[in-house]
Amino acid sequence: MRRRSVHRLMLVAIFAAGLAGVGAAQESTSKEPTKRALLIGIDKYKSPNIRSLSGAVNDVRLMRQILVGKFDVRPDNIVVLEDERATRNGIIEAIKTHLIAKAKPDDIVILHFSGHGSQVKTNSANEADGLNESIVPLDYATAGLLADEDLYRHLVKRLPADVTLYAIFDCCHSGTILDLRFAYQTNRGWLADPSIRL
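The following paragraphs examine the structure supplied in this document. (Residues numbered from 1 in each chain as written. Predicted model: local features only at pLDDT ≥ 70, side-chain atom pairs only at ≥ 80, totals over all residues. Heavy atoms only, no water.)

Glancing now at the sheet that holds strand β4 (residues 117–121). Spatially, 3 strands are ordered β4-β5-β6 in an open sheet, and the strand pairing comes out antiparallel. The sheet terminates laterally at β4 and β6 (146–147), the two strands that pair on one side only. Pairing analysis gives 2 bridges linking strand β5 (residues 131–135) to β6, with the strands arranged antiparallel. Paired with Ser 134 across the two strands is Ala 147, which belongs to β6. (Pairing = 2+ DSSP bridges. Helix = DSSP H or I, 4+ residues; strand = E, 2+ residues; numbered from the N terminus.)

A few words on the sheet that holds strand β1 (residues 35–41). Across the sheet, 4 strands lie side by side as β2-β1-β3-β7; this open sheet has parallel pairing. Both outer strands of the open sheet, β2 (78–82) and β7 (164–170), are each paired with one neighbouring strand and no more. Each adjacent strand pair in this sheet contributes to an overall mean axis angle of 5°, direction not counted. With 7 bridges joining them, β1 and strand β3 (residues 108–114) adopt parallel strand pairing. (Axes fitted to C-alpha atoms, helices over the stretch in contact; angles between N-to-C directions.)

Once that is clear, we can look at the pattern of salt bridges. Applying the stated criterion across every chain yields a total of 5 salt bridges. Asp 76 is the salt-bridge partner of Arg 74, the closest N and O atoms lying 2.5 Å from each other. For Asp 76, a relative accessible area of 51% puts it in the exposed group. Arg 153 is paired through a salt bridge with Asp 150; the nearest N and O atoms lie 3.1 Å apart. Note that Arg 153 and Asp 150 are positioned in helix α5 (residues 148–156) at a spacing of 3 residues, about one turn of the helix. Taken together, the shared-partner salt bridges connect Arg 88, Asp 150 and Arg 153 into one network. (Salt bridge = Lys/Arg side-chain N within 4 Å of Asp/Glu carboxyl O. Buried < 20%, exposed > 50% of the residue type's maximum accessible area, 1.4 Å probe, protein only.)

Below, the discussion takes up the pairing of β1. Counting buried residues in β1 gives 7 out of 7 residues, a clear majority hidden from the surface. Burial of β1 is two-sided: the residues Lys 35, Ala 37, Leu 39 and Gly 41 facing one way and the residues Arg 36, Leu 38 and Ile 40 facing the other way are all buried. Strand direction decides the pairing type here: β1 and β2, joined by 5 bridges, are parallel. The residue of β2 that forms the bridge with Gly 41 is Glu 82.

One way to put it is that helix α3 (residues 88–100) packs onto α5 with a least axis distance of 9 Å and a crossing angle of 25°. The orientation of α3 relative to α5 falls into the category roughly parallel. Contacts between α3 and α5 involve Arg 88, Ile 92, Ile 95, Lys 96, Leu 99 and Ile 100 on the former and, on the latter, Asp 150, Leu 151, His 154 and Leu 155. Classifying every residue of the contact of α3 with α5 gives 6 nonpolar, 1 polar and 3 charged. (Parallel < 35°, antiparallel > 145°, perpendicular 65-115°, else oblique. Contact = heavy atoms within 4.5 Å. Nonpolar A, V, L, I, M, F, W, Y, C, P; charged D, E, K, R; others polar.)

Laid out in structure tokens, this is it:
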């Protein structure tokens, strides 16, 4: 548990430094980038096969306060999906309509997920371990998980050029959740994943 807390603090510090740095770098230009966020938190899973959580919704509310208070993200540029609103389709639609459709060059988009993460077997050549990492939406039992390849297809692949993405996943199995070409490990630095073919 302590190791996870240290990693979470490091990720938040990297995120904060990056978001503050982007704002500072933009001061010399006449136009500030638009900052847009999608915050997802699920405490009350409805399936008896998965335990409920007690801090995911609170994490999202705190993140919203930090984004508004410290990083000047306008409140109307933040979409929050908590518990019953955090369905598989609801998450995909919010990614498409709030983060992707409105993004323009130099904008900043932020995706924060706090809830359960999982892994599922796959035959994909992109997964050396034979497992897709995934987030667990509220209605996963009927609608399915949101796998790394889904998140890549709906978010990363459709992200317009010159848009900065900050993605924070506070869940299990989140290390390669976006199927990115590179991953950062605190003890090894940046690592290329040869199984990812962009």
